[in-house]
Amino acid sequence: MSSVSRFLVLALLTLAGCERGPASGHALVDFRHAPQAGGTPVATWKGDQVTAEELTRRLEEMSPALRERYQTLEQKREYVEGVARFELLVREALARGLQNDPEVVASTKRALVARLMRSQLDEAQPPVSDAEVAAYYERQKEDYVRPEQVRLSHVFLAAPRADAARVAAAHAKAEQVLAQAKALPPKDFTAFGRLARAHSEEPRTQPLDGDLRYRSLEVLAQDFGPEVAEAARALVPHGPGALSGVVRTEAGLHLLQLTGHQSALNQRLEDVRQQIMGRLSNEKRTQAWAELLAGLERRSGFSVDAATLSRVHVDLSTPMRPASGPPPGTLPAPPPSAPVERP
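Here the residue index of a chain counts from 1 through its sequence in written order. Given that the model is predicted, a residue must reach a pLDDT of at least 70 before its local features are reported, and side-chain atom pairs must reach 80 or more before they are shown or counted; all residues, however, enter totals for whole chains, interfaces and linings. Excluded from the side-chain calculation are hydrogens and water; included are all heavy atoms of the structure.

### Describing the overall build of the chain
Under the DSSP-based scheme used, a helix requires at least four consecutive residues in state H or I and a strand at least two consecutive residues in state E, with every element numbered from the N terminus. Of the regular secondary structure elements, the chain holds 12 helices and 8 strands. Whether two residues are in contact is decided by their heavy atoms, any of which lying within 4.5 Å being enough. Considering only residue pairs separated by 6 or more positions, the chain has 69% of its internal contacts joining residues 24 or more positions apart. Working definition of accessibility: Shrake-Rupley area with a 1.4 Å probe, residue cover restricted to the visible protein chains. Within the structure as shown, the chain displays about 21500 Å² of accessible surface, and the carbon and sulfur contribution to it stands at 55%.

So this is what it looks like as structure tokens:
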């Protein structure tokens, strides 16, 4: 089950107790306006009021720019009347029993789960120690300290330097392939890959359309010869798509195309400390969320009858019915689930 699907099912399970009423040990949702006791009323109606203190609090919760709309008496009156009318409409909706309407219930569930997520993920910030940051930096050091790297595609023609006749024949073929490569659009890497697949004699890279992946110049020299590394270095200023001439090595001839370049990187721990702390904090929050979901599954006795589920027919031809619950994807998406060890 995907993390989102698993979340949707569990969200409904965890909220089921809220629908069973007081017998379940959970309070019912109270939609009524809660007037501030002992305040100074600025507007009253049967059984309710808006106080000056509540109005001040509401205004302070606005941005300064929004507060500019409520400077005059008439502007404040309009705002208070809007609050009162809203509460009167809520009262009327409750009188009609609309709090049990499926759409209202679904919206309330979404709001409840969104609030749970904020509480679990945003408000509970897990601490990250200096030791954890340092350990992560060492584990992932290649992400922060690495030499210059290039990515090449090549056509290789085997021709040991000592075999003059073979070198001559390979050189003639290499010039022909080079002419074809030069006729291609400069950054048509796919077309150059087809040339490599058709002509290259390097068994490791020919099936990959000649792709050498990213390598440092040092590794490139070790794997294919210093001549290839020097030719690659000369291509870097010209950017991706640049072609070399025929490059001769001890093993044979290469035609090179530069497809990517990464500058050398040398970031110290202090340079990336905040970035690593943020990443580790996110990982801990994700793990905590996964553990919460696993615990809810375990305590609720959640299970899936795969045989029954497999027999549920999904008809793609029938028109959509009015929703009786939250449609797929309307509940807030959780973070990617981290693996959790289950008992």
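### A short note on the nonpolar core
Grouped together as the largest cluster of nonpolar side chains are 16 residues, with contacts concentrated most on Val150, Leu152, Leu220, Val228, Ala232, Leu235 and Leu256. Where this core is concerned, the elements lending two or more residues are β4 (149–158), α9 (217–224), α10 (226–235) and β7 (252–262). Looking at which element gives the most residues to this core, the answer is α10, with 5 residues. Among residues more than four places away in sequence, those in contact with Val150 are Arg213, Tyr214, Arg215, Leu217, Leu220, Ala232, Val236, Leu258, Gly260 and His261. Definition of nonpolar core: a set of buried residues of the types Ala, Val, Leu, Ile, Met, Phe, Trp, Tyr and Cys, connected through side-chain atoms within 4.5 Å. Burial status follows relative accessibility: with a 1.4 Å probe on protein chains alone, a residue under 20% of its type maximum counts as buried, one over 50% as exposed, and anything between as partly exposed. Ranked by size, the runner-up nonpolar core spans 14 residues in total, among them Leu157, Ala170, Leu195 and Leu253.

### Let's talk about the packing of aromatic side chains
Stacked, tilted and edge-to-face are the three classes applied to pairs of Phe, Tyr and Trp rings, where Trp contributes its six-membered ring and a pair requires centres within 6.5 Å; stacked means planes under 30 degrees apart, edge-to-face means over 60, and tilted covers the rest. Applying the stated criterion across every chain yields a total of 2 aromatic pairs. Pairing Tyr137 with Tyr144 gives two aromatic rings, centres 5.5 Å apart and planes at 15°, and the pair type is stacked. Pair check on accessibility: Tyr137 and Tyr144 agree, each one buried.

### Points about the pairing of strand β6 (residues 243–248)
Pairing of β6 with β7, which is carried by 4 bridges, proceeds in the antiparallel orientation. The residue of β7 that forms the bridge with Leu243 is Gln257. We treat two strands as partners when DSSP finds at least two bridges between them. The antiparallel pairing of β6 with β7 creates a hairpin that spans 3 residues between the two strands.

### Points about the sheet that holds β6
In sheet architecture, strand pairing relies on hydrogen bonds along the backbone and comes in two forms, parallel and antiparallel. Pairing within the open sheet is antiparallel, and its 4 strands lie in the order β5-β4-β7-β6. Of all strands in the sheet, those with a lone pairing partner are β5 (211–216) and β6, marking the two edges. Across the sheet, the axes of successive neighbouring strands diverge by a mean angle of 35°, strand direction being ignored. Bridge count between β4 and β5: 4 bridges; the pairing is antiparallel. Each bridged residue has a counterpart across the sheet, and for Gln149 the counterpart in β5 is Ser216. Axes, fitted as lines to C-alpha atoms, cover a helix only where it is in contact. Angles between the N-to-C directions of the axes lie from 0 to 180 degrees.

### Focus on α10
Side chains three or four residues apart in an α-helix point the same way, a direct result of the helix having 3.6 residues per turn. Along α10, the residues that are buried comprise Val228, Ala229, Ala231, Ala232 and Leu235. For α10, the buried positions fall inside an angular range of 165° around the axis, keeping them on one side. Looking at the buried residues of α10, the elements they touch are β4, α9, β6 and β7. Directions pointing from the helix axis toward each C-beta atom define the arc.

### A few points about the confidence of the model for the chain
Caution applies to low-pLDDT regions: their predicted coordinates should not be interpreted in detail. Each residue gets a pLDDT score, which is the predictor's confidence in that residue and runs from 0 to 100. Summarising the model, the chain shows a mean pLDDT of 86, and 85% of its residues fall at 70 or more. A low-confidence stretch, residues 334–343 stays under pLDDT 50, and its non-local contacts, those more than four residues away or across chains, total 25 contacts.

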